[in-house]
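Spelled out from the first residue to the last, the chains are:
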Amino acid sequence: MPSAKDATRRLTARHADHPLRGIALIVASTVFLACSDTMAKYLGRTLPPIEIGWIRFLVFLLIMLPMMLTSASPLRSARPKLQVLRALALVASSVLFITGLQFLPIAEASATSFVAPLFVTALSIVLLGEAIGVRRWAATAVGLIGVLIVIRPGSAAFNPAAIFPILSALSWAITLILTRMISGADRAVVTMTFSAVVGFAALSAMVPFVWVTPSWHDILIGVLVGLASTMGQWIVVLAYRYADASVLAPFTYSQLVWVSFLGFGLFAEIPDSWTFVGAAVIIASGIYTAHRERLRRKQTAMPAEPSPNP
């Protein structure tokens, strides 16, 4: 039986070459994702992160329900254990990032979470057995330096809560690696169904321990969080039909612009200059990593994967 890695390598990236359309879609997705993160931060004033995540996954499940009911065997997977692990990693990424938003300026949390592609590089060795060249390791080291510039450990500006978006990025990197491992074995609808069902079930098991009865206003904001998040992720998938990851990568980071404006408008948060300097270093490293990934895919015929966005 062929391995998931062999099956993945037989796949090719199937998209039309319409880079401007892909760029427009990826920028639109960052607007939705920025709004989702901003509303989640606002909702964090009254509800715990697990409950916010539960509402988000409830909306996700309800959106997926028609597709699940009309699809043949949406939970029949060739690799069910990996699907469950992927869904749990996705849940962890979401809840950890929402937790970080309660303590950090939204621009700082977003900038720190951009380190996810660098974690993918490191995890590819352990989980996929890939050989990583010196240049990709150098890009990873530069990106980590960017994270240190943003969070500034040991200084008065350091906030220990910065660990939450970093762990969120790590969880998202695990999600991407597992996505790559199962992409040649299961249909996309199966992966999405597992994400919705397992994610909602896991959070449903935890939410009674932290439950705070939401107001109707909280419920409305929570539903909007789920809608904006799902819409943003769906548009990301559409964008990658029209352009390569290496083309779209620079534009995924425009989310930092939107969250900076929203953070200032709603929470009077003004990112300091070091946040932008560190973000620039992380983004440059991420763009170079995407470029090296494109070259590697040409050699191994691997499909593009979505840009990290917790």
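Residues numbered from 1 in each chain as written. Predicted model: local features only at pLDDT ≥ 70, side-chain atom pairs only at ≥ 80, totals over all residues. Heavy atoms only, no water.

Asker: Quick rundown of the overall build of the protein chain? Include the residues and the values.
Answerer: What the protein chain contains, in helices and strands, is 13 helices and 0 strands. Its helices and strands in sequence order give the protein chain the pattern α-α-α-α-α-α-α-α-α-α-α-α-α, from N to C terminus. In the protein chain, of all internal contacts separated by at least 6 residues, the share reaching a separation of at least 24 is 90%. Accessible surface computed for the protein chain: about 14000 Å², of which carbon and sulfur atoms make up 72%. (Helix = DSSP H or I, 4+ residues; strand = E, 2+ residues; numbered from the N terminus. Contact = heavy atoms within 4.5 Å. Areas by Shrake-Rupley, 256 points an atom, 1.4 Å probe, with all protein chains shown as cover.)

Asker: Before we move on, could you go through the environment of Ala-131 and cite the residues and values that matter?
Answerer: Relative to the assigned elements, Ala-131 resides in the loop between helix H6 (116-128) and helix H7 (134-151). What makes Ala-131 exposed here is its relative accessible area of 74%. (Buried < 20%, exposed > 50% of the residue type's maximum accessible area, 1.4 Å probe, protein only.)

Asker: So what's going on with the nonpolar core? Which residues, and what values?
Answerer: In this structure, Leu-203 and Leu-256 are the most contacted members of the largest nonpolar core, which totals 60 residues. The residues touching Leu-203, leaving out its near neighbours within four places in the chain, are Ile-50, Gly-53, Trp-54, Phe-57, Val-91 and Val-95. Among the nonpolar cores identified, the runner-up in size contains 7 residues, and Val-236, Ala-239, Ala-243 and Leu-248 belong to it. (Core = buried A, V, L, I, M, F, W, Y, C linked by side-chain atoms within 4.5 Å.)

Asker: Lay out helix H5 (residues 106-113) with the relevant residues and their values.
Answerer: When you tally the buried positions in H5, you get 8 out of 8 residues, the bulk of the element. Looking only at H5, the buried set comprises Ile-106, Ala-107, Glu-108, Ala-109, Ser-110, Ala-111, Thr-112 and Ser-113.

Asker: Quick one: what's the story with a nonpolar patch on the surface, residue by residue and with numbers?
Answerer: Taken together, the side chains of Ile-63, Trp-216, Ile-219, Leu-220, Val-223, Leu-224 and Leu-227 make up a nonpolar region of the molecular surface, amounting to roughly 650 Å² of accessible area. Along the chain, the position of Leu-224 falls in helix H10 (residues 216-239). (Patch = residues over 30% accessible without salt bridge, like charges linked within 9 Å, V, L, I, M, F, W, Y side chains within 5 Å. Salt bridge = Lys/Arg side-chain N within 4 Å of Asp/Glu carboxyl O.)

Asker: Before we move on, can you summarise the side chain of Ser-171 with the specific residues and values?
Answerer: With respect to the element layout, Ser-171 can be found in helix H8 (residues 163-182). Residue classification places Ser-171 among the buried positions, given a relative accessible area of 11%. What Ser-171 contacts, discounting residues up to four positions off in sequence, is Ala-89, Ala-92, Ser-93 and Leu-96.

Asker: So what's going on with unusual backbone geometry? Which residues, and what values?
Answerer: Of note in the backbone geometry, Ala-268 takes a positive phi value of approximately 55° without being a glycine. Mapped onto the secondary structure, Ala-268 falls in the loop between helix H12 (255-267) and helix H13 (273-300).

Asker: Break down the packing of aromatic side chains for me, citing the residues and quoting the values.
Answerer: Within a pair of aromatic rings, the relevant descriptors are the distance that separates the centres and the angle that separates the planes. Inspection of the entire model under this criterion finds 5 aromatic pairs. Ring centres 4.9 Å apart and planes at 80° place the aromatic pair Phe-114 and Tyr-253 in the edge-to-face group. With Phe-114 in the loop between H5 and H6 and Tyr-253 in the loop between helix H11 (245-252) and H12, this residue pair connects regions lying 139 residues apart in the sequence. Given a relative accessible area of 10%, Tyr-253 falls into the buried group. The ring of Phe-267 carries Lys-41 above its face, with NZ or CZ at 5.4 Å from the centroid. (Phe/Tyr/Trp six-rings, centres within 6.5 Å; stacked < 30°, edge-to-face > 60°. Lys NZ or Arg CZ within 6 Å of the ring centre and 35° of its normal.)

Asker: Could you give me a rundown of the packing of helix H2 (residues 19-43) against H10, with the residues and numbers involved?
Answerer: Across the interface, H2 lies against H10 with an axial gap of 8 Å and an inter-helix angle of 155°. Classified by the angle between their axes, H2 and H10 sit roughly antiparallel to one another. Seen along the crossing, H2 lies across H10 with a hand that is left-handed. The residue makeup of the contact of H2 with H10, split by class, is 17 nonpolar, 8 polar and 1 charged. (Axes fitted to C-alpha atoms, helices over the stretch in contact; angles between N-to-C directions. Parallel < 35°, antiparallel > 145°, perpendicular 65-115°, else oblique. Left-handed = near helix turned anticlockwise from the far one by under 90°. Nonpolar A, V, L, I, M, F, W, Y, C, P; charged D, E, K, R; others polar.)

Asker: Give a detailed account of the environment of Ile-23, specifying residues and quantitative values.
Answerer: With respect to the secondary-structure elements, Ile-23 resides in helix H2. Take Ile-23: its relative accessible area is 17%, and that puts it in the buried class. For the pair Ile-23 and Tyr-242, spaced 219 residues apart in sequence, the C-alpha to C-alpha distance is 8.5 Å. Not counting residues within four places of it along the chain, the set of residues in contact with Ile-23 comprises Val-247, Leu-248 and Phe-251.

Asker: So what about the confidence of the model for the protein chain? Which residues, and what values?
Answerer: Of all residues in the protein chain, 87% attain a pLDDT of 70 or more, and the chain-wide mean is 83. In the model of the protein chain, helix H1 (residues 4-10) stands out as the element of lowest mean pLDDT, 45, in contrast to helix H4 (residues 80-101), which has the highest, 94. A low-confidence stretch, residues 1-15 stays under pLDDT 50, and its non-local contacts, those more than four residues away or across chains, total 30 contacts. (pLDDT = per-residue confidence, 0-100.)

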